[in-house]
Amino acid sequence: AAAGLCPCRALLIRRGGALRALCGSVRGFAAGPETHFGFQTVTEAERREKIYQVFESVAKKYDVMNDSMTLGIHRVWKDILVHKMNPSPGTLLLDVAGGTGDIAFRFINYVRSVRERQLQRKLRHSQNLSWQEISESYQEDKSKSLGDSQVVVCDINKEMLKVGKQKAQHLGYSEGLSWVLGNAEELPFDDDKFDVYTIAFGIRNVTRIDLALQEAYRVLKPGGRFLCLEFSHVSNPLLSRLYDLYSFQVIPVLGEVIAGDWKSYQYLVESIRRFPPQEEFKAMVEDAGFFKVDYQNLNSGIVAIHSGFKL
């Protein structure tokens, strides 16, 4: 039909089409690079906003849902993570995306236990001291139950931090514990500051995982350790099918019944399937600069703990 138009009009139409295409390209560029939100394709800015809304929505029921979804096994996985860390008194830990405090509280308990054993050994070797000297020494050391250890909980979501602070107050945790609002992709900390960096069930919700890993490397001291606990890919085919069935048919229903939020838990299930397999994520950790990178599968790869060192 365009062949029958006058040359000037045909030229205007072609230019108009080119202009519309250019405007569409500019709009797409302005919206930012595309990524995924579960199984949806969205821009990076949209993904960050949607994920913030997910955790704002689930914060108050987050712990209850974790117990319901994993039948309480998440507690064992987190215990294994802290035992693998094996912190000693004086360790400075950064726990990223740790808003509700699960890793932080376990870290404090672990360090207190180590400190108590050290104190008992010290007293057993103090046989020549008087009772008063032993008592004074014990009270002095007891007042520093963490031995200068500290844990900084950093989370991007205000509601998650609010829940964590309330839990800490209720459970009596205050010494050596601080809470910071911050983005894993742009941490508000100096270089070479922390002995250990942990992120548990959080890195798959980071939009730019490569930036988060680079930031983890930056804030760790030389010799510092990176530890990531995350849902991963199941190696057993039969278990994988059962796991998929449970994930997609049961977890969103639990989310609706317990938290009144089907969509958020549908996203969480989908986000697990979009997270890189163990070997691929290991390569990403190595690309960020870490050495001696390895991983430990738990429950046939339902979750994995990745570890690396800044040397």
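Quick look at the structure, then. (Residues numbered from 1 in each chain as written. Predicted model: local features only at pLDDT ≥ 70, side-chain atom pairs only at ≥ 80, totals over all residues. Heavy atoms only, no water.)

1. Side note on the pattern of salt bridges
- A full pass over the atoms with the stated rule returns 14 salt bridges.
- Residues E230 and R204 are paired through a salt bridge, measuring 2.7 Å at the closest nitrogen-oxygen approach. Here E230 is found in strand 7 (residues 220-231), whereas its partner R204 is found in the loop between strand 6 (194-200) and helix 8 (209-219), with 26 residues between them in sequence.
- For R204, a relative accessible area of 7% corresponds to the buried category.
- Across the pair R218 and E215 runs a salt bridge whose closest N-O atoms are separated by 2.8 Å. Here the residue R218 and the residue E215 both occupy positions in helix 8, the gap between them amounting to three residues, near one helical turn.
- Residue R218 is classed as partly exposed on the basis of its relative accessible area, which comes to 22%.
- Linked by salt bridges that have partners in common, D63, K78, D102 and K167 make up one network. (Salt bridge = Lys/Arg side-chain N within 4 Å of Asp/Glu carboxyl O. Helix = DSSP H or I, 4+ residues; strand = E, 2+ residues; numbered from the N terminus. Buried < 20%, exposed > 50% of the residue type's maximum accessible area, 1.4 Å probe, protein only.)

2. Considering the nonpolar core
- Of all hydrophobic cores here, the largest spans 34 residues; its most connected members are W77, V151, L177, L229, F231 and V303.
- Taken together, the elements giving at least two residues each to this core come down to helix 4 (73-85), helix 5 (102-124), strand 4 (150-155), helix 7 (158-171), strand 5 (177-181), strand 6, strand 7 and strand 9 (303-309).
- Per-element tally for this core: the top contributor is helix 5, with eight residues.
- Excluding its chain neighbours within four sequence positions, the residues that come into contact with V303 are W77, F201, L229, E230, F231, S232, Q296, N297 and L298.
- Core analysis: the second largest hydrophobic core is formed by 27 residues, F194, I199, V206 and A216 among them. (Core = buried A, V, L, I, M, F, W, Y, C linked by side-chain atoms within 4.5 Å. Contact = heavy atoms within 4.5 Å.)

3. Looking at the packing of helix 9 (residues 237-249) against helix 11 (residues 262-274)
- Close contact between helix 9 and helix 11 brings their axes to 9 Å; oriented N to C, the two are set at 150 degrees. As far as their axial angle goes, helix 11 and helix 9 are roughly antiparallel. Of the residues in helix 11, those in contact with Y243, D244, S247 and F248 of helix 9 are Q266, V269, E270, I272 and R273. (Axes fitted to C-alpha atoms, helices over the stretch in contact; angles between N-to-C directions. Parallel < 35°, antiparallel > 145°, perpendicular 65-115°, else oblique.)

4. Details of the sheet that holds strand 9
- The strand order 5-4-3-6-7-9-8 describes an open sheet built from seven strands, whose pairing is mixed. Among the strands making up the open sheet, the edge pair consists of strand 5 and strand 8 (291-298). For this sheet, the mean inter-axis angle between neighbouring strands, taken without regard to orientation, is 15 degrees.
- Bridge count between strand 6 and strand 7: six bridges; the pairing is parallel. Bridge pairing in strand 7 links A200 to L229.
- Lying on the sheet, helix 12 (residues 278-287) is in contact with strand 7, strand 8 and strand 9; it crosses strand 8 at an angle near 155 degrees. (Pairing = 2+ DSSP bridges.)

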